[in-house]
Amino acid sequence: MKQGAIFDMDGLLLDTERMYRDSWKKSAEQFGLVHNPDFPRAVCGSSGAHMQEIILQYYPQVDAKAFAEDCILRVERELQSHVPAKTGVSEILQYFKQQGVKIAVASSSKLETVKSNLDKVGILSYFDAVVSGDQVKHGKPAPDIFLLAAQQIGCAPENCYVFEDGTNGIRAGAAAGCTTVMIPDLTPPNAQLEQLCAGIYPSLLDAMHAIKNEEI
């Protein structure tokens, strides 16, 4: 059993990546662009300058900052009325608390958004630390956010699980030296991601059972 557990939020704790996927499409229409269906997966888990770099790779002519803000604000408005949680969230958080494992969330979203969303689904109190993309210089796939989260819960990265759903997050968790577990959402696992993960499971509930059985 590791001493710490670090969770991504969007697409991992909360079923929000589909909301972002649909919002990116609406933003493309709003900005007069032809929506690229590969873009939402590529940008998943990114933030700040790196997010804008990805936007420009797919839409070179757009104002990347304005484009990102348009998408994010639309999702934030939707989340004011309903925040959907993923399967197994409460169970795995309760299990780690019972085992004395320190718990953090490390999300590319803004800090106030992360805290608000976790509070709305009633799980904010489980977390010993909340870290956002605003607090690090380099966002995912750089390891910075997971290294900061590990530091804030007082655990060495190698003594932490990282739970992620997307490519950028998996790469970041592995680069941080954490035991990285993938719970796929919109991004299906491939050979490269499989090499970076300690395990790939359909849900957090399945991952919890694997940890109980000492498979991870």
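Note that this is a predicted model, so its numbers are computed, not measured.

## Some details on the packing of helix H5 (residues 89-98) against helix H10 (residues 204-212)
- Direction vectors running N to C along H5 and H10 enclose 30 degrees, while the axes themselves pass 8 Å from each other. Between H5 and H10, the angle falls in the class roughly parallel. Between H5 and H10 lies a crossing of left-handed hand. The segment H5 lies against H10, with Val89, Glu91, Ile92, Tyr95 and Phe96 engaging Leu204, Leu205, Met208, Ile211 and Lys212.
- The residue inventory of the contact of H5 with H10, partitioned by class, reads eight nonpolar, no polar and two charged.

## What about unusual backbone geometry?
- With omega at 20 degrees, the peptide bond leading from Lys140 into Pro141 counts as cis.
- With respect to the secondary-structure elements, Pro141 resides in the loop between strand E3 (129-132) and helix H7 (144-152).
- In this structure, Glu214 is a non-glycine residue whose phi angle is positive, near 60 degrees.
- Under the relative-accessibility criterion, Glu214 is labelled exposed at 71%.

## Points about the sheet that holds strand E2 (residues 102-107)
- The six strands are arranged E3-E2-E1-E4-E5-E6 in an open sheet whose pairing can be described as parallel. Both outer strands of the open sheet, E3 and strand E6 (199-200), are each paired with one neighbouring strand and no more.
- Direction of pairing for strand E1 (residues 4-7) relative to strand E4 (residues 160-164): parallel, over a ladder of four bridges. Across the sheet, Ala5 pairs through a bridge with Tyr161, a residue of E4.
- Relative to E4, H10 is tilted by about 155 degrees, and along the sheet it contacts E1, E4 and strand E5 (179-182).

## Remarks on the environment of Ile6
- In this fold, Ile6 is placed in strand E1.
- Excluding residues within four positions of it along the chain, Ile6 makes contact with Ala104, Ala106, Phe146, Ala149, Ala150, Ile153, Cys160, Tyr161, Val162 and Phe163.

## What to know about the environment of Asn117
- With respect to the element layout, Asn117 can be found in helix H6 (residues 111-120).
- Asn117 sits 67 residues away from His50 along the chain, and the two C-alpha atoms are 23 Å apart.
- With sequence-adjacent residues up to four places away left out, Asn117 is seen in contact with Met9, Leu14, Leu79 and Val83.

## Looking at the environment of Asp144
- Along the chain, Asp144 turns up in helix H7.
- Sequence separation between Asp144 and Ala106 is 38 residues, and the spatial gap between their C-alpha atoms is 10.0 Å.
- Aside from chain neighbours lying at most four places away, what touches Asp144 is Val136, Lys137 and His138.

## Here we look at the packing of aromatic side chains
- Considering all chains together, one arrives at 14 aromatic pairs under this definition.
- Pairing Phe39 with Phe67 gives two aromatic rings, centres 6.2 Å apart and planes at 55 degrees, and the pair type is tilted. On the criterion of sequence distance, the pair formed by Phe39 in helix H2 (residues 39-43) and Phe67 in helix H4 (residues 64-79) is long-range, its members being 28 residues apart. Here the two residues Phe39 and Phe67 agree in accessibility, since each one is buried.
- Three or more aromatic residues joined by ring pairs form one cluster here, namely Phe7, Tyr95, Phe96, Phe127, Tyr161 and Phe163.

## Let's talk about the pairing of E2
- Across the six residues of E2, five count as buried, placing the element largely inside the fold.
- The pairing of E1 with E2 spans four bridges and is classified as parallel. Along E2, the bridge assignment pairs Gly4 with Lys102.
- Note: E2 against E3, four bridges, orientation parallel. Across the sheet, Ser107 pairs through a bridge with Ser132, a residue of E3.

Calculation criteria
- Residues numbered from 1 in each chain as written.
- Predicted model: local features only at pLDDT ≥ 70, side-chain atom pairs only at ≥ 80, totals over all residues.
- Heavy atoms only, no water.
- Axes fitted to C-alpha atoms, helices over the stretch in contact; angles between N-to-C directions.
- Helix = DSSP H or I, 4+ residues; strand = E, 2+ residues; numbered from the N terminus.
- Parallel < 35°, antiparallel > 145°, perpendicular 65-115°, else oblique.
- Left-handed = near helix turned anticlockwise from the far one by under 90°.
- Contact = heavy atoms within 4.5 Å.
- Nonpolar A, V, L, I, M, F, W, Y, C, P; charged D, E, K, R; others polar.
- Buried < 20%, exposed > 50% of the residue type's maximum accessible area, 1.4 Å probe, protein only.
- Pairing = 2+ DSSP bridges.
- Phe/Tyr/Trp six-rings, centres within 6.5 Å; stacked < 30°, edge-to-face > 60°.

Don't take any of this as a statement about function, it's just geometry.
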